[in-house]
Amino acid sequence: MGKNIVQKILDGHIVDGKPEKGSAVGIRIDQTLTQDATGTMAYLQFEALGFDRVKTELSVSYVDHNTIQEGFENADDHKYLETVAAKYGILFSKPGNGICHQVHVERFGKPGKTLLGSDSHTPTGGGIGMVAIGAGGLDVAVAMGGGPFYLTYPEVVKVELAGTLRPWVSAKDVVLALLEIMGTKGNAGSMVEYGGPGVDALSVPERATITNMGAELGVITSVFPSDEKTRLFLRAQGREEGYAELSADSDALYDRVIKIDLSALEPRAACPHSPGNVKKLSELKGIKVDQALVGSCTNASYRDIMLTAAMLKGKKVNPNVSLGVACGSRQVLEMVSRNGALAEIISSGARILETACGFCIGNSVAPRTDAVSVRTSNRNFFGRSGTSSAQVYLSSPEAAVAAALSGELCDPVEYFKNEQYPQITAPDNFIIDDSMILKPAADPSKVEIFRGPNIGAPPSNEACPDVIDGCVAIKVGDKITTDHIMPAGSRLKYRSNIQKYAEFVFEREDPEFSKRALDNKGKGIRNIIVGGESYGQGSSREHAAICPMYLGVKMVITISMERIHRANLVNFGIIPATFVNAGDYAKLGKDDMLTIGDVRRSIQTGAELTAVRKGDGLQVRLNVELTEREKGMVLAGSLINQCREG
Ligand code: MIC
Ligand code: SF4
């Protein structure tokens with residue numbers, strides 16, 4: 001029987017386990033990437049694990065998230081990352097060189113390879129035919145050391161594309177339409193594979209927009225075939241030798257097939273406060289807009305910025321709107337500067353923002369109170385923009401520019417109906433200048449690693465206790481993201497200082513949480529988090545596990561949990577439990593005192609646990625489903641403890 005693309009790549013990389021749907025497999029990782037906000041922890045753990053050199057084909061450390069440098073903290077982190085990279089054989093992409101996912105596709109991605117990145121949008125690499133997966137920093141550290149990455153052999157959803165996009169309808173609308181169909185939860189065991197005649201017309205950067213925001217579906221990753229378009233892109237990047245053709249066999253099987261007719265798509269936007277809350281722009285017409293932002297790893301390619309310039313040419317931004325434009329990479333910034341397109345953007349009245357994550361992670365250009373902001377990025381979680389009362393919509397560059405010009409949300413097909421859709425041809429040769437990517441040192445023994453006062457050692461955890469006498473320190477609802485658990489924005493500079501960063505765990509849900517949890521810990525009471533469906537969506541930040549661990553959280557009980565966050569909890573020895581009866585969620589409340597006995601033996605045997613509430617004796621049955629490998633980590637108290645125990 002034939003294979004699909006996912007199976008071809010995965011099967012060629014399996015080093016442990018069998019390629020059977022639902023079973024745990026370990027795969028070899030060819031390339032890794034990290035970014036600064038998750039990278040410091042990843043490399044501190046790489047060091048703690050005692051590796052002396054990376055064992056991958058290629059590992060790149062990018063600085064793109066915390067480029068604000070309003071104090072010494074970010075700069076210290078950057079220097080630490082630079083020196084660690086030089087010592088251990090990692091390429092280092094300096095701040096200003098661009099957003100990790102975009103630069104990786106431009107300069108390093110190779111069809112048919114595996115990529116593991118400490119960022120949830122690593123699947124952007126699927127646009128160039130990679131199986132590119134987001135994970136916590138510790139998993140990436142292990143992969144850099146040559147260890148396998150473990151995942152559940154996935155179900156494969158085929159998205160069959162037909163037709164071509166109409167003018168003013170964009171790749172972003174394809175993934176927004178898919179979000180409308182698949183939603184943001186319940187897809188954790190799947191990978192998406194694109195196919196069908198519609199693939200041909202999409203360029204590599206457009207494919208990368210689609211696989212990038214595939215992260216919001218909650219799938220493991222998304223992948224496109226590698227074809228003539230891929231070859232031409234690689235050639236224009238001076239990397240044709242990395243090309244390999246990749247397509248599904250004609251008799252390949254899929255677990256589900258979704259058909260999308262590109263010619264019938266209408267422009268869409270994701271409405272506040274979830275990327276899954278998608279509506280047609282024609283239904284949102286007339287909503288006044290205060291801010292429009294083009295940029296981020298989703299929509300800041302050469303095509304996107306050239307298109308933005310062409311749409312703005314000779315026009316002025318609406319006086320009530322602040323338009324910001326950030327190129328995704330220095331390559332794009334240099335190209336649009338040299339060809340004059342940047343001048344059109346400047347003359348329209350737009351702000352030129354740094355080539356970095358910037359607004360997307362909420363560390364700059366926060367909107368005003370109650371503002372409406374339309375952005376080309378991929379996440380509009382509550383408060384992520386830096387302004388809790390802001391309403392953030394996610395759209396294509398076409399729709400964001402239409403809003404910036406008209407001052408309100410509108411369908412770009414309608415707004416630009418009397419204009420020619422700009423034809424942006426892919427360049428034959430991109431400007432290639434990798435001088436901001438530093439090579440590892442020729443003699444690692446000469447490199448001294450820089451550790452400023454902002455760099456603290458990662459905290460450690462105790463082994464799993466046999467009895468958990470705990471307190472429900474917080475109860476939260478459905479679709480809690482890792483942005484809710486561990487806010488980024490202005491708090492980002494503490495990413496390398498767990499003790500300080502832990503003060504902000506759940507700060508928007510319950511500003512007292514951190515203090516209360518630490519008090520409990522001081523009294524020997526273990527903390528328990530209770531959550532609803534799809535807990536831990538979004539970012540891969542392992543801080544959403546490390547900081548709760550530091551605060552003494554031993555167990556998270558939810559109705560369901562997302563893949564990356566669940567893996568991070570296990571890596572740091574926090575038990576990920578689910579309710580056997582989802583109805584019990586309603587029965588538990590904040591401050592309930594629970595006793596859970598026989599924990600170690602039940603984890604070993606896979607038996608149910610029972611939580612008994614003090615006072616009325618209510619019994620709540622809990623499932624803890626772990627692979628053999630995961631059981632070891634939870635019992636040892638963390639992956640690092642497990643490795644140390646040998
Ligand atoms: C995000 O988009 O949420 C981030 C910031 O890139 C995160 C990583 C982080 O929290 O550092 C992600 O997507 O994993
Ligand atoms: Fe950066 Fe935003 Fe992309 Fe995350 S989603 S990597 S913050 S640009």
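Everything below is about the structure shown above.
Bear in mind that the values here come from a model prediction, so they are computed numbers and not experimental data.

(A) The arrangement of the sheet that holds strand β9 (residues 155-162) in detail. Taking strand neighbours across the sheet as the criterion, the four strands line up as β11-β10-β9-β12 in an open arrangement whose pairing is parallel. Both outer strands of the open sheet, β11 (221-223) and β12 (256-261), are each paired with one neighbouring strand and no more. Mean inter-strand twist for the sheet, computed between neighbouring axes without regard to direction, equals 20°. Each of β9, β10 (190-195) and β12 touches helix α6 (residues 171-182); the most contacted strand, β12, lies at about 135° to it.

(B) View of the sheet that holds strand β25 (residues 593-596). Spatial ordering of the closed barrel is given by β21-β22-β23-β24-β27-β26-β25, a layout of seven strands whose pairing is mixed. Averaged over all neighbouring strand pairs, the angle between strand axes comes to 35°, with direction disregarded. Relative to strand β27 (residues 619-623), strand β26 (residues 609-613) runs antiparallel, the two being bridged by four bridges. The residue bridging Leu609 from the neighbouring strand is Leu622, located in β27. Relative to the sheet, helix α17 (residues 513-522) contacts β21 (468-475), β22 (526-530) and β23 (553-558), its axis offset from that of β21 by approximately 170°.

(C) Fine view of the nonpolar core. Phe506, Met555 and Leu622 are the most contacted members of the largest nonpolar core, which totals 100 residues. Sorting elements by how many residues they give to this core places helix α5 (residues 137-144) first, with six residues. Setting aside residues up to four positions removed in sequence, Met555 forms contacts with Ile468, Asn527, Ile528, Ile529, Ile574, Ile575, Ala577, Ile596, Leu609 and Leu622. Counting residues in each nonpolar core, the second largest holds 61 residues, with Cys100, Ala236, Ala350 and Phe430 among its members.

(D) Local environment of the packing of helix α2 (residues 36-48) against helix α3 (residues 72-88). One can describe the packing of α2 onto α3 by two numbers: an axis separation of 10 Å at closest approach and a directional angle of 45°. The angle between the axes of α2 and α3 places the two elements in the oblique class. α2 and α3 meet at a crossing whose hand is left-handed. Along the contact surface, α2 presents Asp36, Gly39, Thr40, Tyr43, Leu44, Phe46 and Glu47, while α3 presents Asp77, His78, Tyr80, Leu81, Val84 and Tyr88. Per-class residue counts for the contact of α2 with α3 are seven nonpolar, three polar and three charged.

(E) Quick peek at the packing of aromatic side chains. Inspection of every chain in the model, using the stated rule, returns eleven aromatic pairs. Taken together, a centroid distance of 4.2 Å and an interplanar angle of 15° make the contact between Trp168 and Phe416 stacked. You can see Trp168 sitting in the loop between β9 and α6 and its partner Phe416 sitting in the loop between α14 (412-415) and β20 (437-438), a full 248 residues away along the chain. With a centroid separation of 6.2 Å and 85° between ring planes, the pair formed by Tyr302 and Phe430 is classed as edge-to-face. Highlighted residues: Tyr302 in helix α10 (residues 302-312) and Phe430 in the loop between α14 and β20, separated in sequence by 128 residues. On the basis of relative accessible area, Tyr302 is assigned to the buried category, the value being 13%.

(F) Main features of the site of ligand 1. Close to ligand 1 lie 14 residues, the nearest being Asp119, Ser120, Arg495, Ser540 and Arg541. In the model, an oxygen atom of ligand 1 is placed 2.8 Å from a nitrogen or oxygen of the Arg379 side chain. Within the side chain of Arg541, an N or O atom sits 2.6 Å from an oxygen atom of ligand 1. When the residues that make up the shell around ligand 1 are grouped by side-chain class, the tally is two nonpolar, seven polar and five charged.

Calculation rules
- Residues numbered from 1 in each chain as written.
- Chains lettered and ligands numbered in written order.
- Predicted model: local features only at pLDDT ≥ 70, side-chain atom pairs only at ≥ 80, totals over all residues.
- Heavy atoms only, no water.
- Pairing = 2+ DSSP bridges.
- Helix = DSSP H or I, 4+ residues; strand = E, 2+ residues; numbered from the N terminus.
- Axes fitted to C-alpha atoms, helices over the stretch in contact; angles between N-to-C directions.
- Contact = heavy atoms within 4.5 Å.
- Core = buried A, V, L, I, M, F, W, Y, C linked by side-chain atoms within 4.5 Å.
- Buried < 20%, exposed > 50% of the residue type's maximum accessible area, 1.4 Å probe, protein only.
- Parallel < 35°, antiparallel > 145°, perpendicular 65-115°, else oblique.
- Left-handed = near helix turned anticlockwise from the far one by under 90°.
- Nonpolar A, V, L, I, M, F, W, Y, C, P; charged D, E, K, R; others polar.
- Phe/Tyr/Trp six-rings, centres within 6.5 Å; stacked < 30°, edge-to-face > 60°.
- Near = heavy atom within 4 Å.
- Polar contact = N/O pair within 3.5 Å; in protein donor to acceptor, adjacent residues only side chain to side chain.

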